[in-house]
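Below, each chain spelled out in residue letters.
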Amino acid sequence: MNKRFWSVLVVLALALAVLASCAAPTNTPGPTATPTPDISKVSLPLADTVQTFKAFLAINESAQDYKDNVVWKKVAELTNVQLDFTSVLSSNYTTEFNLMLAAKTYPDLFAYPSGSGSVNYTGGLEQAVDDGVALDVKPLLATDAPLYWSLLNKPEILRDIQTDKGYIPGVYQVTELTNDKPAFVWGMMIRKDWLDTDGLTMPTTIDEWHTVLTAFKDKNGATFPLLKHLGDNPIFMQAYGIVANPANQFGSGVGLFYPDTSGKIHYGGVEQGYADYLKTLSAWYAEGLYDRDFDTRGIYDLPGEAALVGTGKAGATGGYLAWKGMFYGAASTQTGFAWVAAPAPKLTATSDLPSEQVTFPKYVSDPWVITKACKNPDLLLKLFNWMCTDQGQLLMNWGVEGDSYTMVNGKPQFTDKILKSDKGASAYLEIYNGNFAPLKLEHGPVQSAQLIDAATTTEQNVQVDSVNTVYLTWQLTADESTQVNAIMSDIQTYIQEQYVLAVKSPTVAAGWMATQAAQIKSMGIDNAITIMQTAYDRYMAKK
Amino acid sequence: MQGTKREGKIRVDWRRNRTYYFLLLPVLLYYVVFLYIPMGGLAMAFEHFSPAKGVFGSAFVGFANFVTFFKSYYFWRLIRNTLILSALGLMFGVLSPVGLALLLNEVKGRLFKKTIQTATYIPYFISLVVVASLIKIFVAPEGPVGNLFSSLFGLDNSLLTYANGFRPIMVVSDMWQMTGYIAVIYLAALSGIDHEQYEAARIDGAGHWKQLLHITIPGIAPTIIVLFILRTGQLLNVGYEKIILLYSPGIYETADVISTFVYRKGLLEFNYSYAAAVGLFNAVAGLAMVLLSNWLAKRYTDTRLF
Amino acid sequence: MDTPFRKESLPRKTFIVFNALLLSVLGVIALIPFVHVLMASISDPFKLAANTGLILWPKGFSLVGYQKVFESVEIWRGYLNTILYTAGSVALGSVLTIFGAYVLSRRNLYWGNKAMFFITFTMIFNGGLIPTYILISRLGWIDTPLAVIIPNCMSAFNLIIMRTYFQTIPESLEESANLDGANKLQILFRIMIPLAKSSIAVVALFYVIAQWNSYFQAMIYLRSANLFTLQLVIQQILLKNQATTASASGSSAYVSVVAELIKYCVIMVSIIPMLVAYPFIQRYFVSGIMVGAVKG
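Because the structure is a prediction, the values reported are computed rather than measured. (Residues numbered from 1 in each chain as written. Chains lettered and ligands numbered in written order. Predicted model: local features only at pLDDT ≥ 70, side-chain atom pairs only at ≥ 80, totals over all residues. Heavy atoms only, no water.)

The helix and strand tally for chain C stands at 14 helices and 0 strands. Listing the helices and strands of chain C from first to last along the sequence gives α-α-α-α-α-α-α-α-α-α-α-α-α-α. Burial analysis of chain C (296 residues in total) assigns 54% to the buried set. Surface summary for chain C: the accessible area is close to 13,000 Å², and the carbon and sulfur share equals 68%. (Helix = DSSP H or I, 4+ residues; strand = E, 2+ residues; numbered from the N terminus. Buried < 20%, exposed > 50% of the residue type's maximum accessible area, 1.4 Å probe, protein only. Areas by Shrake-Rupley, 256 points an atom, 1.4 Å probe, with all protein chains shown as cover.)

As structure tokens, then:
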């Protein structure tokens, strides 16, 4: 899956998790959370005079500048530690981050997102530590942030955040993913009212989807029965066993490859499954079932897709269920409009569940990295440690008591100001919470329960339960990534282009293995796969 | 002896033209700081550039990045697309404004002339982002132009999805935006032509056509040549910011040019060294073209840029 | 001096009529996109979504798009910033261009051609984004208006245009002034600049447009929302339209249909000031060229 797609997912995950994770710290602690009361007391302020740190962060387009954030102002008041934020739109963050590195004007702290506005330091954060850019905080954690460290110091967490050389290159947010599966995934959404009027049931296989889309076209007059999925993600491709979209425009490095169940690395572009997928898609395209504008549609053109769905021109697309409201909003002229989650299709009724790759760690989410330019990392770590106290957790996750939440029976409960905000509850909450809490823990699920109604949760589960989620966070060394980039440079251009041509022409799709796959092999894909395999094996060997 | 003679000349020149050089100083300073210092950064084309290590600290790899580019699967296609698109741009970008200026020059009614000039010049004022969105709106199947093509030829998709459509779209939209603007420069040159020349020609019995050939066109020829040479310098850049806003992988076959390739490799894939090498190749080729056209102009006409 | 139309020969008459028709068509073609966008921008969002083809008259009527666009404080602040930056940049750029063009138009300078080459060379050869960014940050200009005002304030192209103009001013003028005892600065300020007023106006206008329409500089160098330029704000509004949703779990009624409409409104908002100012600048602009031409 593409990196950017996952980054959006992560941001959403954060948003939800923040919603979710701020919940009552007095609740039954999750498996990763057992705060010990001794170290949980921190005396404030943390510094005698106001200390300022520069922070370089990505913000969601809908979110408010961190500078105006209510919670961070409160943090500064309470602790005397003030963060001077540079907030970059996540769509620009990748570029800005690389320019920042190039100019060597390091802040004290920067975000290292893997989702929206994802960045990738060549060689990973381990290399960043070796290059003198990032600080290895591990030696400091036990003394400066004992509370945080007590939560972090668990094998299943350390495995994901500790580098090969044993560094911990940043402050990670500890989340809790309930039930061992994500709360939501990128999934299919479909016009349920059309299914009903056409007398069809929810499609679960590729063939059933074909029937449904044909009906949408013939009986409901849809001109774009199936839209290109938002985020260019491979929901249909997964049915053919291809877990990462090789033609992903924003994909790079590990994001383009995937391991199978036996741990062997694959590149989709040379797989028979991908050729079969293209054959199906090009047939659908020729029949007028697949998005005829797929090659020019913006990757995240949600308003555009919502408008097509809302005006009865399209009947299905892929994306987050949380975006449902957009589709309903656009559909005010459609009577009986029903837009619901659909399971990810399987190849045939008897096939296994398709796998879906998640490229962020299971128990933590993206770190904030302290740089070597930071003069007083101890104080910063003390700040993060304080955020792990009950007081800190409530503030960072729930915002300000009496304003964004109230305590009901000793448990935080969002106020109507948040829940009924016309900006949308999750979006509005970002103005309050700091968007970064070292401890999310069980706040996540609790907040989700308040912010997301039960019906939506049920629908999200339809999508989640239709796939096998695979968590993967492997990383290349600087040398490996240079080699892979050199090989993939032309291949990426080639496949992005040929994929479009194949969907538009069944002849090209039919000849994929003989022509395109052979060409990709001659461009050296096997060498790239070998390098990826080495990196993956190294990751798996790490316990 | 030669040396002292030259030194003497420099000394005299300095004494005589000191004031001029003081005036020129801030201008040169501007160019040194904002254009020549960054040029030093091009050293990364010969390195495995790592942002954290900087230009001076990264590993030197010689011409490796260039070799990768020359061996690239896309090398020849990039060259071809770049040359075709720029040749088209050169042809229409230079000829159409001359044509418009000459036509306008023949108009007697001042109000009419001014109205047309205003109308054709306005598109120049529109920013690239807006122009790109206008193009997308117009060639979409629901848009005015796209709709026309869909009813005439049954093309159901945005015209931007057809590889054959890309070059015409680029040329036509460039003409729409730039013709009126460049024509104004020619009009200025035209109005600079001495009226007495026309009077004299008329007395000699020369008709409008002869006046056009023998007075008007030679009168604006220096302007045409200068603009032409400048245009060759821009040749290999072919307005890539616009292409980036308009193209998609399905039409790379005609739309992908060297500069867009550089943009993708550098800013989307963060392959700085490779992008810098390809960019440097592009810049050197562009430089060669300007020098060539300047040399040709010097050789066959009296006009040159330098 | 000019022959009246009825006394012209038949082929000439045919040409004049044909010419007028052709030019009229060209004029209409140049303007039609604006009409389309203007009419679309005041149409009803739902009718607009259903429309195909050219819009020469609004489909229904609604100002909701404009209302949304103008509700944003950022637009107004963007306007103000753009005006300030443009003023600063154009003033500086014009002065530098006049100095450079004038000096380099003198024929007897020993270093003249070399300096000219030094400048024109940059038109076809430069360092690119990253080195320039590093420079700006070393200067400490990141997130300051200076980064937008200074680095792109002059262009070699405009310098050449003005230099070409200075070259058309007869040398005899300078020589006679010289004989009258005027020094070089006096010649520049008292004779050359007044003579070149029209072409200076032209060049300044080019700078205004370039600066007004540029967004790339602002995008990479400015961080604080209160420094953003109009183009950047517009970019962000378009972006926001696309992304509001990224985190909104279930709100934003009918945003998506209005989003289409907003595109048209944003286009209008960004071009209206130029369209309004243009006739006023243009009068000075065109007549300036003519006066300059007659005197020159």
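Once you've had a look at it, read on.
Applying the stated rule across the entire model yields 15 salt bridges over all chains. With a closest N to O distance of 2.5 Å, arginine 77 of chain B and glutamate 497 of chain A form a salt bridge. Pair noted here: arginine 77 of chain B is in helix α4 (residues 75-105) and glutamate 497 of chain A is in helix α20 (residues 478-504), and the two residues belong to different chains. In this structure, a network of salt bridges that share partners links the residues Glu497 of chain A together with Arg77, Arg80 and Glu253 of chain B. (Salt bridge = Lys/Arg side-chain N within 4 Å of Asp/Glu carboxyl O.)

Opposite the 92 residues of chain C that make contact, chain B presents 84 residues. When chain C packs against chain B, close to 8,200 Å² is buried across both sides, 76% of that on carbon and sulfur atoms. Counting across the chain C and chain B interface gives 1 salt bridge. With a shortest N-O distance of 2.7 Å, arginine 12 of chain C and glutamate 106 of chain B are connected by a salt bridge. The tally of links between chain C and chain B comes to 15 residue pairs in polar contact (both at pLDDT 80 or more). Examining the composition of the side of chain C that touches chain B, we find that 17 residues originate from one element, helix α1 (residues 10-41) of chain C, more than from any other. Taken together, the residues that form the side of chain C that touches chain B break down as 62 nonpolar, 22 polar and 8 charged. (Contact = heavy atoms within 4.5 Å. Buried area = accessible area lost by both parts, 1.4 Å probe. Polar contact = N/O pair within 3.5 Å; in protein donor to acceptor, adjacent residues only side chain to side chain. Nonpolar A, V, L, I, M, F, W, Y, C, P; charged D, E, K, R; others polar.)

It is worth spelling out unusual backbone geometry at this point. A negative phi angle is the norm for most residues apart from glycine, just as the trans form is the norm for most peptide bonds. All names here are of chain A. With omega at -10 degrees, the peptide bond leading from leucine 44 into proline 45 counts as cis. Its location among the elements puts proline 45 in the loop between α1 (3-21) and β1 (51-59). Located in the positive-phi region is asparagine 80, a residue other than glycine, with phi close to 70 degrees. Structurally, asparagine 80 is set in the loop between α2 (70-79) and β2 (81-89). On the accessibility criterion, asparagine 80 (14% relative accessible area) is buried.

Now for the environment of asparagine 294 of chain B. Residue and element names in this part refer to chain B. With respect to the helices and strands, asparagine 294 occurs in helix α14 (residues 272-300). A relative accessible area of 4% means that asparagine 294 is categorised as buried. Here the alpha-carbon distance between asparagine 294 and phenylalanine 228, two residues 66 residues apart in the chain, equals 9.4 Å.

Looking now at the nonpolar core. Val27, Tyr31 and Phe166 of chain B together with Met154 and Phe166 of chain C are the most contacted members of the largest nonpolar core, which totals 169 residues. Tallying contributions element by element places helix α8 (residues 163-191) of chain B first for this core, with 13 residues. Ignoring sequence-local partners within four residues, the contact set of tyrosine 31 of chain B consists of Tyr36 of chain B together with Phe118, Ile119, Thr122, Met154, Ser155 and Ala156 of chain C. If you look at the next biggest cluster of nonpolar residues, it comprises 102 residues, including Trp284, Ala341 and Ala535 of chain A together with Leu78 of chain B. (Core = buried A, V, L, I, M, F, W, Y, C linked by side-chain atoms within 4.5 Å.)

All names here are of chain B. The N-to-C vectors of α4 and α8 enclose an angle of 40 degrees; their axes lie 7 Å apart at closest approach. The orientation of α4 with respect to α8, classified from their angle, is oblique. Judged by the sense of rotation from one axis to the other, the crossing of α4 with α8 is right-handed. Per-class residue counts for the contact of α4 with α8 are 20 nonpolar, 6 polar and 2 charged. (Axes fitted to C-alpha atoms, helices over the stretch in contact; angles between N-to-C directions. Parallel < 35°, antiparallel > 145°, perpendicular 65-115°, else oblique. Left-handed = near helix turned anticlockwise from the far one by under 90°.)

Residues and elements named next belong to chain A. Among the secondary structure elements, serine 404 is positioned in the loop between α15 (390-398) and β13 (405-408). Between the C-alpha atoms of serine 404 and leucine 419, which are 15 residues apart in sequence, the distance is 9.1 Å. A polar atom in the side chain of serine 404 sits 2.6 Å from the backbone oxygen of tryptophan 398.

With that settled, the discussion passes to the packing of α2 of chain A against helix α14 (residues 377-387) of chain A. Residue and element names in this part refer to chain A. Following both chains from N to C, one finds α2 and α14 inclined at 110 degrees, their axes separated by 12 Å at the closest point. Compared by their axis directions, α2 and α14 come out roughly perpendicular. Residue-level inspection shows Trp72, Val75, Leu78 and Thr79 of α2 in contact with α14, the latter providing Leu383, Trp386 and Met387. The residue makeup of the contact of α2 with α14, split by class, is 6 nonpolar, 1 polar and no charged.

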